[in-house]
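Summary of the model geometry
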Amino acid sequence: MKRNNFILVLVWLCGSLTSSAQQRSGNPIVNGWYADPEAVVFDHRCWIFPTYSAAYDKQLFFDAFSSRDLVKWKKHPRVLTSESISWAKRAMWAPAIVKKDKKYYLFFSANDVHEGEVGGIGVAVSSKPQGPYKDALGKPLISSIINGAQPIDQYVFRDDDGQYYMYYGGWGHCNVVRLSDDLLSLVPFADGEMTKEVTPDQYVEGPFMLKYRGKYYFMWSEGGWGLPNYSVSYAISDSPLGPFHRIGKIMQQDPSIATGAGHHSVIKGKGDNEWYIVYHRRPLTETAANSRQVCIDRLYFDDNGYIQPVKMTFEGVEKTKFK
């Protein structure tokens, strides 16, 4: 082969490899230590709001990331900081976001609250998903420890009838509450109760809910958040209030990929059965609790409606679009 032709072939091969690599997200999908990713689709764009994974006293802000195709990501730094939350002094984590009436409501946990302390679950509001967000209440929305559940790791779920539920809780207990129409207060259930415990077997933290073919899929994290055994399990119910009977794990460590896989969220792609799980995991080279990275892989339902075990990858997912 002539030298010039050889060079042309090399250029073509390099271009093909680069083009192929650009068609997949790769894992992790963003640089830096982040955890507890809340993924959501707004206006044909995927947004991820994660915890900044650091020591509690440094965990005082939230960055966000957006993408139109899950491959190229844009960073939106400091969408919310403790400077905008008068009562938040440390340990801000696990954001959850909802769009309603052209406003964006960012729920978050702060202060690693214990009985008698100030802290818990707050809510901030912005007119844009990238913020900046401002405290909506000037105090926590939920600060009390009810049913043994530390008020952290909230997830807001909108049912088909328009009712918003918030699932939350650490320390091995999970509660559900109903949110008011403006999302800034709690309203009682039909029986007058304000809070219901819905803790499934082996629940630790990180609740998530989705609805699929009329059924409610409740998911959560098990194990220790700083340990290799962190994992995700799920249950299926006919009601958003349960009961939730554990079916089994759908995500756990893979000795060839990563450990500590958990605290996830799920988004739907453009296809009829196109689902993605966004989660954090710890590289095999790391043992520090806060060495966590945000990753994405496909999630599949089988023909009977059960979730298949998720296979973690280094390649990530293919480029896609959103409705």
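Summary of the structure given here. Just so you know, these numbers come straight off a predicted model, no measurement behind them.

A separate point is the environment of glutamine 308. Tracing the backbone shows glutamine 308 in the segment after strand S20 (293-299). By relative accessible area, which is 34% here, glutamine 308 ends up partly exposed.

Now for the packing of aromatic side chains. For the coordinates displayed, the defined rule picks out 19 aromatic pairs. Judged by centre distance (6.1 Å) and plane angle (20°), the rings of tryptophan 47 and phenylalanine 49 are stacked. For the pair tryptophan 47 and phenylalanine 49, a shared accessibility class is recorded, and that class is buried. Ring geometry for tyrosine 56 versus tryptophan 93: centroids 5.5 Å apart, planes at 10°, classification stacked.

This brings us to the pattern of salt bridges. In a structure, side chains of opposite charge can pair up when their charged atoms sit close to one another. Taken as a whole and judged by the stated rule, the model has 14 salt bridges. Sharing partners across several salt bridges, the network here consists of Asp63, Lys75 and Arg78.

Before going further, it helps to examine the sheet that holds strand S19 (residues 275-283). Pairing in this open sheet of three strands is antiparallel, and the strands run S18-S19-S20 from one edge to the other. Across the chains shown, the open sheet's two edge strands, defined by having one partner strand only, are strand S18 (258-268) and S20. Geometrically, the sheet is characterised by an average inter-axis angle of 30° between neighbouring strands, direction not taken into account. Sheet topology places S19 next to S20; seven bridges connect them, and they run antiparallel. Note on S20: the bridge partner recorded for tyrosine 279 is cysteine 295.

Rules used in this analysis
- By convention here, each chain's residues receive numbers from 1 onward along its written sequence.
- Only residues with pLDDT of 70 or above have their local features reported here, since the model is predicted, and side-chain atom pairs are shown and tallied only from 80 upward, although totals for entire chains, interfaces and linings are computed over all residues.
- For the side-chain quantities, the full set of heavy atoms in the structure was used; hydrogens and water were omitted.
- Each helix corresponds to a stretch of at least 4 residues labelled H or I by DSSP, and each strand to a stretch of at least 2 residues labelled E; elements are numbered beginning at the N terminus.
- When a residue's accessible area, from a 1.4 Å probe over protein chains only, is under 20% of the maximum for its type it is buried; when over 50% it is exposed; and in between it is partly exposed.
- Here a pair means two rings of Phe, Tyr or Trp (six-membered ring of Trp) with centres within 6.5 Å. Their orientation is stacked below 30 degrees between planes, edge-to-face above 60, and tilted elsewhere.
- Salt bridges are defined by distance alone: a side-chain nitrogen of Lys or Arg within 4 Å of a carboxyl oxygen of Asp or Glu.
- At least two bridges found by DSSP between two strands are what make those strands a pair.
- Whenever a helix is involved, its axis is fitted only over the stretch in contact; in every case the axis is a line through C-alpha atoms, and angles between N-to-C directions fall within 0 to 180 degrees.

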